[in-house]
Amino acid sequence: MKYRVRVWRQTGPTAKGKLVDYEIDGVTAEMSFLEMLDVLNERLQLEGDDPVAFDHDCREGICGACGVMIDGVAHGPGKATTTCQLHMRQFDPADPIVVEPWRAAPFPVLRDLVVDRTALDRVIEAGGYISTRAGAAPDAHALPVPKPDADSAFEAAACIGCGACVAACPNGSSMLFTAAKATHLGVLPQGQPERYTRARDMVETQDDLGFGGCTLTGECAAVCPKGIPLSTISRLNHDVLSAALRAG
């Protein structure tokens, strides 16, 4: 099959970018979206042009590196699917495909579809840890955890930090990401000592980094490839308010 693709090209952070049209032939329905970009890059290199820069690593929907906007949707039309796991059978060859980088102030474009997402690392550094005694590993089930709490922690820990929630949010908020990282520690017994200060510090850090405020529009949860629920943000808001009350 032949596809028409409009790809954002930008040579550097301060350069002016633009959408460039390409026709890509020899694409099969079984190819992933990134494999389609590989085909384009092979052709560009053979023609002596610069290949399209895009992030990728595991290509198994685990690492979160592959995120781009496809036709205005983070990770494209697939539900609970990362870009690398999106297949070309989901696209009509008659319709052009627009591919752009994440659009958020804390995610500056480095080149083409590659953005700097280290701001998310700064949020984790602000509170993504627990205080515990080092030593031998405890016996299995030595610290009982209620199943609902374990389920909530596991659900939140599924976040891969791809940044789709930020890119999809009309405010550029990272609240779903921050809530997931705070929740998977805060609902477990081991995470209780820093539960409320963790929530406060992580939210303050995301605000300092330039992420927008959350208005619970729900776009973040709609595009999250791991299905992190919007209720996770409510849990974070509760902990932030509790931190303020305890400090007062």
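Keep in mind that this is a model prediction, so the values were computed, not measured.

Our focus in this paragraph is the overall build of the chain. The helix and strand inventory of the chain stands at eight helices and seven strands. Projected onto its principal axes, the C-alpha coordinates of the chain cover approximately 60 × 40 × 35 Å. When burial is assessed residue by residue, the chain has 45% of its 248 residues classed as buried. A total accessible area of about 12500 Å² is found for the chain, and carbon and sulfur atoms account for 53% of it. One way to put it: in the chain the 23 positive side-chain charges average out to a point 3 Å from where the 32 negative ones average out.

Tracing the chain through its elements places T178 in helix α5 (residues 175-186). Of note is the side chain of T178, whose polar atom sits 2.7 Å from the side chain of Q206.

This paragraph deals with the domain arrangement of the chain. Once the domains are mapped, the chain shows domain 1 (3-100) and domain 2 (117-132 + 142-247). Distance between the C-alpha centres of domain 1 and domain 2: 30 Å. Listed as interface residues are 15 residues of domain 1 and, on the opposing side, 10 residues of domain 2. Interface area for domain 1 against domain 2, summed over the two sides, is near 830 Å², with a carbon-plus-sulfur share of 53%. Area buried by domain 1 at its contact with domain 2 is led by G64, A74 and H75, which between them contribute 37% of it. Seen at the junction of domain 1 and domain 2, the total is one salt bridge. Among the salt bridges present, the one from D55 reaches R117, with a minimum N-O distance of 3.7 Å. Along the contact surface separating domain 1 from domain 2 lie three residue pairs in polar contact (both at pLDDT 80 or more). A breakdown of the residues in the side of domain 1 that touches domain 2 according to their chemical character gives seven nonpolar, six polar and two charged.

A few words now on helix α1 (residues 33-46). With 14 residues, α1 should cover 20 Å at 1.5 Å per step; its first-to-last C-alpha distance of 20 Å lies within 8% of that length. Residues of α1 that are buried: F33, L34, M36, L37, L40, N41 and L44. One face of α1 carries all of its buried residues, which in axial projection span an arc of 150°. Opposite the buried face of α1, by more than 90 degrees, sit the exposed residues E42, Q45 and L46. Check the buried side of α1 and you find it contacts β1 (3-9), β2 (18-24), β3 (69-70) and β5 (97-100). Directly after α1, the chain includes G48, whose backbone phi takes a positive value near 85°.

Right, let's talk about helix α8 (residues 231-247) for a bit. Here α8 contains 17 residues, and its C-alpha end-to-end distance of 25 Å stays within 8% of the 24 Å for a straight helix at 1.5 Å per residue. For α8, the set of buried residues is T232, I233, L236, D239, S242 and A243. Where the residues of α8 are buried, they touch α5, α6 (195-208) and α7 (219-223).

This next bit is on the sheet that holds β2. If you walk across this open sheet you meet the five strands as β2-β1-β5-β3-β4, and the pairing is mixed. The outermost strands of the open sheet, each flanked by one partner alone, are β2 and β4 (73-74). Pairing geometry for β3 and β4, over two bridges, is antiparallel. Its bridge partner being in β4, I70 is matched across the sheet by V73. α1 contacts β1, β2, β3 and β5 of the sheet and is inclined by roughly 90° relative to β2.

How each quantity is defined
- Residues numbered from 1 in each chain as written.
- Predicted model: local features only at pLDDT ≥ 70, side-chain atom pairs only at ≥ 80, totals over all residues.
- Heavy atoms only, no water.
- Helix = DSSP H or I, 4+ residues; strand = E, 2+ residues; numbered from the N terminus.
- Buried < 20%, exposed > 50% of the residue type's maximum accessible area, 1.4 Å probe, protein only.
- Areas by Shrake-Rupley, 256 points an atom, 1.4 Å probe, with all protein chains shown as cover.
- Lys, Arg positive; Asp, Glu negative; His and termini not counted.
- Charge placed at Lys NZ, Arg CZ, Asp CG, Glu CD.
- Polar contact = N/O pair within 3.5 Å; in protein donor to acceptor, adjacent residues only side chain to side chain.
- Domains from an automatic or database assignment.
- Contact = heavy atoms within 4.5 Å.
- Buried area = accessible area lost by both parts, 1.4 Å probe.
- Salt bridge = Lys/Arg side-chain N within 4 Å of Asp/Glu carboxyl O.
- Nonpolar A, V, L, I, M, F, W, Y, C, P; charged D, E, K, R; others polar.
- Expected span 1.5 Å × (residues − 1).
- Arc of directions from axis to C-beta.
- Pairing = 2+ DSSP bridges.
- Axes fitted to C-alpha atoms, helices over the stretch in contact; angles between N-to-C directions.

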